[in-house]
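# Notes for the structure review
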Amino acid sequence: MVDPANTPLGRMLLDEISPVVMVLRTPLVEEACLKNGLTFIQMLKPFCVFNNIDVPVRTASDQPYRLQKFGLRLFYESDIRQPNLEVAKERLKQVITQAAEKDLSELCSDLPQINNAVSRSENEVLPSWFQFFNKELVHTVSFSDHEAFDHPVACLVVVSSKDDQPINRFVDLFNTNTLPSLLTSGAMDPKILKHYLLVHDNQDGPLEKATKILTEMRSTFGSDCQLLCINSSQDGVVEHQDYPWVLYKSDDLPSQPLRCFLNVDDFNEIKDLMQDLSTKHIIPYMEQKIRVLNQQVSATRKGFRNQIKNLWWRKGKEDVVDSPSGPTYTFNSNESQIRVLGDYAFMLRDYELALSNYRLISTDYKLDKAWKRYAGVQEMMGLAYFMSDQSRKEAEYCMENAFNTYLKVAPSSQQNATRCGLWWVEMLKARYQYKEAATVYFRVCTEEPLHSAVMLEQASYCYLLSKPPMLHKYGFHLVLSGDRYKKCDQIKHAIRTYRSAMSVYKGTTWSHIKDHVHFHIGQWYALLGLYDLAANHVLEVLACSHQSKTTQELFLRDFLQIVQKTGKAFEVLKLQLPEINISSLRVIFEDHRTYASSAAASVKEKIWVSLEEEMIPNLSTARTNWLELQSKLIPKKYKESNVCVAGEAVKVDIEFKNPLQIPLLLSSVSLICELSENSDEMQSDANSSMTGVQNDGESTTLNHRDVNFESSLFSVSDVGFSLRGGETTVVQLTVTPRVEGILQIVGVKWKLSGFVVGFHKFETNPVKMIRKRIQKAKHHSDNLKFVVVKSVPKLEGVIHPLPKRAYVGDLRNLVLELRNKSEFAIKNLKMKINHPRFLNIGKRESLNIEFPACLEKTNSDHSGVPANPTDVSHSMFLFPEDTIIQGETPLLWPLWFRAAVPGNISLCITIYYEMGDISSTMRYRTLRMHYNLQVLPSLDVSFQISPCPSRLQEFLVRMDVVNKTSSESFQVHQLSSVGHQWEISLLQPVDAIFPSQSLMAHQALSCFFMLKNHGKPSTSEDEISTHFRLQGTDVRLGTQGSSGPHFDIASSPLADFHHCERLHQEILHKGDTSTVDFILISRPLKNDNNPVGSDPSHLFSHHACHCSTASTSSISWLVDGPRTIYHDFSAPFCEINLSMTLFNSSDVVASVHINTLDSSTSDNLNDATPVQPATSSDNQEGWHDLSLVTDIKVTSDVLKVRTSKSTPVESVSPFIWSGSSSTRVQLEPMSRTEIPLQVCVFSPGTYDLSNYVLHWNLLLSNDQGNRDRRSSGKCQGYPYYLTVLQSD
Amino acid sequence: MATTACFVIVSRNDIPIYEAEVGSAAKREDAAQLHQFILHAALDIVQDLAWTTSAMYLKAIDRFNDLVVSVYVTADTHTRLMLLHDSRNDDGIKSFFQEVHELYIKTLLNPLYLPGSRITSSHFDTKVRALARKYL
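Here the structure is a predicted model, which means the values were calculated and not measured.

### Re the overall build of chain A
Looking only at helices and strands, one finds 37 helices and 49 strands in chain A. Expressed as a percentage of its 1288 residues, the buried residues of chain A come to 52%. Restricting the contact set of chain A to residue pairs at least 6 apart, pairs at least 24 apart contribute 78%. Counting only carbon and sulfur atoms, one obtains 51% of the accessible surface of chain A, whose full area is about 59500 Å².

As structure tokens, then:
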């Protein structure tokens, strides 16, 4: 702990609480002094403070002590009065304003760093004018009547030797009524120590006259007279190196004395005078007074009796004095005397004595409710405690008590409270209790904004200085202080505090705080006219999506106003309005890959690559050629750059987002690009023509390049749009290079509300890093640098009219239109489609044909368009060799479209073409077209085929059609079976199937057909595909009345699509050899307007391929023989010969074993549950074997069949199988054999010859064994009814 | 119900991860930033106090005029739940903090929530406001 006297507070107290000497002087004295540019007091002042006076002092106690530090305060009599508050305020304001002027330059500098602020020491941090300000504040309450330390201890009466009758002047001076009110009002003892001083100006004449007067004075006033000679420098101006008045520099001292006539002798004389005055007169006088007063006080107040008396006396006095300002005490009252005693003791550094007296008096004042005096005494107690370095707690308690009392109880003592607070603060600071000091500063704040602004600022520095620094509080108090500065128009101070606060709040995520600080500092800078700085700060708060709409509007409006006032085009790097979503950045450029639409560009590169794999020339050779060409043109470092073609636009998609709730108006949105022209010397050229953005990030100015020159190099699209609140828009910007060279897309710029130019640079560095990793898969946005090559022809293509949505099966005729705008020809066109099931390339001849009439079957053979002989499904389509597209004439080519499967289909079509001009840098290019279409389900067609039990090589076909659309109706037009060996026919008349002629939405329909296999069965798939000429039979399903045409399934699109379907569905149906394909042709019914008639222009084809004709058992058989026999039963029995034809439809050898049973049928059925009915009708309701009796009629009644099956018709009398009861035969694959059977009948009747069981077993070799197929089975015989009649 | 109450959750890095004005008083434009300033300034005090006690609820630690800052510090990551209020309902505030802490822990358990990032869950928001109505 340092000596309290050496702390700032100690020094302050030495200044403030020291004996006051009142100076009375004549005008001539002042005149003499003013020759030096100093007043009389100013002249004496430097010599009033003694740091080592070393005077022995003896106060109340008998033990003397030595006083080291001592000081005097000199005041003219006119200044000893309570200062005018208004004047004081004005003065304070001036001080602050002056301080503001000083650091204006600082305001424009960079923002301070918080680390710097923390590391600096106290003196550096605090602005120097704080101390002065505090001092002035303290002075506002000096010379109050209740504080004795401001009362003059002595009076210095000064008369010049030039005055007439100097003796009389001395008397007059003291008797004038200009004496301060303190003396006259009785607040202090008017009898004070007087000291008479005669000032002699050596320039005015010899010393003799003065000495004469002095002796005269001595005889009149006694020994307290002295002579002071000044201006003894004879030779004019003396320049002093260590001018003592400069050291005591204060603002009321003229900073540069023009002339000085004081020489060293004068100094010494003044010094001696003051020392003499202090040691010989004032201190002894005070000592003596202390002793006298102490005796008095002891007599009246010390001791138990006096205490009781005092208490009783005060109690009685209580109701007598009750003035609002408390009781008044004259100088000779007990209380005043004690106070004077205390103050004198304090001034003479006898803190013990002072404290005891203060304690004594404080209780008295408290009892008297003289609160102001009480608080004043408490204040002094606190200081005394501090100075005597006693109880720290006591000191603080006293200060707080005094402060609170001043504030709350005593009226109109705000100034006193402030002074008390400031002393308290200093006390805490001296003990490094900065945190507490800050809170006291905060409490010192008054309603007056200027005052509290300074206090708050000081509080903030206290927080900064506390250990550890409390930066949050520091910032907060700076902001509070700044607000108050602003209230009293101290804008510069406000900015200064906010700037300091900025160091705390820099980069804060507390959004409201950030907005507040930046916005206000911006506004204030604008008030000062520093618009650039202002705009920079307001810029920070623009993207304030968390604020309310009105605040956003306010921010934006202010920003725009400020920018307008700057009076120039304001360019902002990273303007936050609107936000740019960099991750959404997409660059679409065309090198050898060109795109028909933006949708095509968004398709993954992988898809295109796989599609083009076969088309583009062999990669290695092409690449070497291409690279060779490129390496000639392009220096190595750009080898990996993207390539684009001169004259073709590079498109950039950027997403703009408006974070605010208010609309933003954007105009002139364009890309910032650089293009360096390609010439021989790459490097030098780059320097000459590239005038790009030189330093990334730091500078906010873009070099403005010559517009004309620029536009000759490339052209940039210019977009304007407005963003509503919260809206996000993707904007496509383009740049079109005009000459070869290297194009770099640097960034994007835009104009906000017409005059604020914002620009955003695309970061290229991180992108480059990524690029290395995924070098193979070149992503579009990876690199923004392009090598521009010479312009080459570009093909543009469109397919019209491709529908956006279609129903499954929809068959349409489309036209592909290809254009090449340049005059150079292109050739060697190739085309490939990723979904050949959907799109098929037609023949050139069919361009102008009428659809669907072209599909109609006419009698002549060459009707319709024959199918393509080539297999179109997988390989690419080569346009004829002579196809050359050039100039304005487009190439039209027919395409067939058929919606094959439901779902969202993305159709990718790529067209490869080569340049006619060999010299161009690119040998080939590809055109990529992409279409999205939605295919909705329409008719769901399924077929069930089962062998006809009664006939070999005949099948029953059930077709189930379900209309899966929600609203459309269809008319089923025609069913065709494909293949010349198949013949399909109706089983029922058409009217029976389609009573309503159409399928409404959600309607289901089943109908039956008979399918005959005539001719040789096809043995292998290859045969079919090589002789691909679709033949087949058709069945018209329309009603008789509506005469629609037959469609030729062999005509081009149908056959082609059928082939695609076949190939596709083949994958699903593996392994079945005996299959049949069906094509169902339907037409949509026109909705509401014409519900009956079908739409002629639309045609739907549904292909069902590889419908298996194989039943579950691979063995089929047929029992043949007579049905009705007349027999004379007089003969013992009737022998009937039957024959069974067996057919093996499988591809392996089968062994068949026939067991004839003689037991009754019913038993057999019950016993042999595993026995499978011959026609496998396990899971097919309503689908039965046809009984032989009712061959024609299809019974849909389940029950009837069951009965016919389970009960023998009417005969119970048995018959006997008379042949061998068990026959075993081997059947070659796909072959038939005949086995004779014989029955014996004993009586006439009708017999069901179904009681035999057929066991079959496929003799599979091992490698075939794992096929998912039944290798053996057991079949119950078919009913075969034989009627035997008695012959006559 | 307190007329003014501003609730903030401050992450370990002094970043507010959740903010809500839960007072019943009509919203004023400048109130929001004043509240933020006060709460932000109180962080210093929390910093000092948090290490002196093992209790998570630090009671009222700072005041500005008639507004009081109460703080609750979570044990693990020193996430600070700060409430600026003008009411003196100490028990209610304590319960409020405890329940919000529970909610916050539930948020932390969400595997999709990155600790220290902003809490944007609307469910959390409604729950906190309901708690504020209940206790404050």
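### What about the nonpolar core?
All names here are of chain A. Ranked by internal contacts, the top residues of the largest apolar core, which has 213 residues, are Phe-40, Met-274, Phe-346, Phe-559 and Phe-656. With 12 residues, the single largest contributor to this core is helix α13 (residues 264-301). Summarising the domain contributions, this core has at least three residues from each of domain 1 (4-83 + 150-286) and domain 2 (579-590 + 648-789). Contacts of Phe-40, omitting those with residues within four sequence positions, involve Val-23, Val-29, Glu-30, Cys-33, Tyr-76, Leu-156, Val-158, Leu-197, Val-199 and Leu-228. Of all hydrophobic cores here, the second largest spans 40 residues; its members include Val-787, Leu-814, Ile-905 and Leu-907.

### Concerning the sheet that holds strand β44 (residues 1222-1227) of chain A
Strand pairs in the sheet, formed through backbone hydrogen bonds, run parallel or antiparallel to each other. All names here are of chain A. Pairing is antiparallel in the open sheet, where 4 strands are placed in the order β44-β42-β47-β48. Bordering the open sheet on either side are β44 and β48 (1272-1276), each of which pairs with just one other strand. Across the sheet, the mean angle from the axis of one strand to that of its neighbour is 15°, orientation sign disregarded. Here strand β42 (residues 1150-1156) runs beside β44; their pairing, made up of 6 bridges, is antiparallel. Counterpart to Ser-1151 in the pairing with β44 is Gln-1226.

### A look at the sheet that holds strand β7 (residues 152-160) of chain A
Residue and element names in this part refer to chain A. If you walk across this open sheet you meet the 5 strands as β6-β1-β7-β8-β9, and the pairing is parallel. A strand with exactly one partner marks an edge of an open sheet, and here the two such strands are β6 (73-76) and β9 (225-230). Between one strand axis and the next, the sheet turns by 30° as a mean value, whatever way the strands run. In this sheet, β6 lies alongside strand β1 (residues 20-25) in parallel orientation, the contact comprising 4 bridges. Paired with Val-21 across the bridge in β6 is Leu-74.

### Considering the interface of chain A and chain B
Every contact between the two is made by 23 residues of chain A and, on the other side, 22 residues of chain B. Area buried by chain A at its contact with chain B is led by A:His472, A:Phe476 and A:Trp510, which between them contribute 40% of it. Remark: the boundary between chain A and chain B carries 2 salt bridges. Taking the shortest distance from any N to any O, the salt bridge between A:Lys435 and B:Asp48 comes out at 3.7 Å. One can count 9 residue pairs in polar contact (both at pLDDT 80 or more) joining chain A with chain B. Here the side of chain A that touches chain B takes 6 residues from helix α22 (residues 471-487) of chain A, the largest share from any one element. Taken together, the residues that form the side of chain A that touches chain B break down as 12 nonpolar, 9 polar and 2 charged.

Criteria and cut-off values
- Residues numbered from 1 in each chain as written.
- Chains lettered and ligands numbered in written order.
- Predicted model: local features only at pLDDT ≥ 70, side-chain atom pairs only at ≥ 80, totals over all residues.
- Heavy atoms only, no water.
- Helix = DSSP H or I, 4+ residues; strand = E, 2+ residues; numbered from the N terminus.
- Buried < 20%, exposed > 50% of the residue type's maximum accessible area, 1.4 Å probe, protein only.
- Contact = heavy atoms within 4.5 Å.
- Areas by Shrake-Rupley, 256 points an atom, 1.4 Å probe, with all protein chains shown as cover.
- Core = buried A, V, L, I, M, F, W, Y, C linked by side-chain atoms within 4.5 Å.
- Domains from an automatic or database assignment.
- Pairing = 2+ DSSP bridges.
- Axes fitted to C-alpha atoms, helices over the stretch in contact; angles between N-to-C directions.
- Buried area = accessible area lost by both parts, 1.4 Å probe.
- Salt bridge = Lys/Arg side-chain N within 4 Å of Asp/Glu carboxyl O.
- Polar contact = N/O pair within 3.5 Å; in protein donor to acceptor, adjacent residues only side chain to side chain.
- Nonpolar A, V, L, I, M, F, W, Y, C, P; charged D, E, K, R; others polar.

Purely geometric stuff here, so don't read any function into it on its own.
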